[in-house]
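What follows is each chain in one-letter form.
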Amino acid sequence: MREILLITIAGPDRPGISARITRILADHAVNILDISQAVIHDHLSLGMLIETPSEQESALLMKAVLFAAHEIGMTARFTPISAESYQHWVAGHGKPRHIVTLLARKITAEHIAAVSGLVAENGLNIDGLTRLSGRVPLESEQNGGSARDTRKACVEFSVRGEPRDINGMRAEFLRLANELNVDIAFQKDNAFRRNRRVVCFDMDSTLIEHEVIDELAMAAGVGEQVAAITERAMNGELDFIQSFQARVALLKGLDAGVLEGIAANLKLSEGAEELIRTLKALGYKTAILSGGFTYFGHYLQQKLGIDYVHANELEIVDGKVTGNVVGRVVDGARKAELLREIAQKEGVNLEQVIAVGDGANDLPMLGIAGLGIAFRAKPLVKQNAKQAISTLGLDGILYLLGVR
């Protein structure tokens, strides 16, 4: 009679352990039904669900595995699995799968407990936990004593099942994220997640740490007036086009020569270069869809290798800013249109597009993209976006794609 066994091998990791154990299984004509291996701090845990030809063969196999494990300083455990238990396990195969991604500068037991507890409350089962980030140094060693904490920590939960209340769960994840100063993303684990092809970025306060129109306003001596309008517009309190035109009008008479100096001093957001470099290596197309100005978008295009730039053309006559823009203003609706156009041109489904932004005028494109990410965004935007990253830099987006 065929028998099902769960074998667990644990002990100090070294090369060749998996090869030696599976060679023994092969000698006993075993079928592998499931297998998983993890190494934490040079300690290996190898689990295998196997089917043996007979109880007699199981006894011989267990003896051989125990002997081999003892020789290499490992422990081996064997758990018989009933046919009913196995069939119940197989029946769970068709349940939906999701990915929960936990991001922080440093992940604590409290973070894991909070996320796993909420997952359990919603009737989901955790199939696997994986650290995607590099090995985290101790606080005294990080950044060589630098004041700015740029560490990245990420744990990915693979969960199975359908949430009892997906909107309520998302709201609870956002509450936990704010309370614990972490980011928590919840996505369907499907083919689209592994096959994104285009990433569209807002520019101001997303790819760069500045609101360029505020920089121009300071150069024109109208900084306070423009900053006040900008803040209200980004919070969704004012119509974007009207507020934009009001701000640009205040720039009338500004010497166009200052644009070059402002561009040269733009500070990229944390992780921007690493993110773009990695996306390009993976074959992604990238775009800037900005309510800012094309002059600065093209500057970043040259610096980072961006494929598309769509922004507002600041009108300049006789070396002076006129206070007008040329053509249609790029507002939220226009960003969504441009995202659709780029997706169509690249021959990809909207589910394969990622959109990243921080302001209320980014919500339309965040809403139609397969993965919409509010980056260091205003509360209104975080609440309405599918995902949010506030604790890490832009390269934290790579973890949402499953990139180690």
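So, how was this worked out
- Residues numbered from 1 in each chain as written.
- Predicted model: local features only at pLDDT ≥ 70, side-chain atom pairs only at ≥ 80, totals over all residues.
- Heavy atoms only, no water.
- Axes fitted to C-alpha atoms, helices over the stretch in contact; angles between N-to-C directions.
- Helix = DSSP H or I, 4+ residues; strand = E, 2+ residues; numbered from the N terminus.
- Parallel < 35°, antiparallel > 145°, perpendicular 65-115°, else oblique.
- Contact = heavy atoms within 4.5 Å.
- Nonpolar A, V, L, I, M, F, W, Y, C, P; charged D, E, K, R; others polar.
- Buried < 20%, exposed > 50% of the residue type's maximum accessible area, 1.4 Å probe, protein only.
- Pairing = 2+ DSSP bridges.

A. Seen up close, the packing of helix α4 (residues 109-121) against helix α5 (residues 166-180). Contact geometry of α4 with α5 gives a least axis separation of 11 Å together with a crossing angle of 170°. In terms of orientation, α4 lies roughly antiparallel with respect to α5. The residues of α5 that touch α4, namely those facing E110, H111, A114, V115, L118 and V119, are M169, E172, F173, L176 and L180. Taken together, the residues that form the contact of α4 with α5 break down as eight nonpolar, one polar and two charged.

B. Representation of the environment of A191 in the model. Here A191 is to be found in the loop between β8 (183-188) and β9 (198-201). Using a relative accessible area of 58% as the deciding quantity, one classes A191 as exposed. When the C-alpha atoms of A191 and K106 are compared, they prove to be 30 Å apart, with 85 residues separating the residues in sequence.

C. Structural detail: the sheet that holds strand β7 (residues 153-160). Taken together, four strands build an open sheet; the order of strands is β6-β7-β5-β8 and the sheet is antiparallel. Two strands close off the open sheet at either side, each with one partner strand: β6 (125-131) and β8. In this sheet, neighbouring strand axes are inclined to one another by 20° on average, regardless of whether the strands run parallel or antiparallel. When strand β5 (residues 97-104) meets β8, the two strands line up antiparallel, connected through six bridges.

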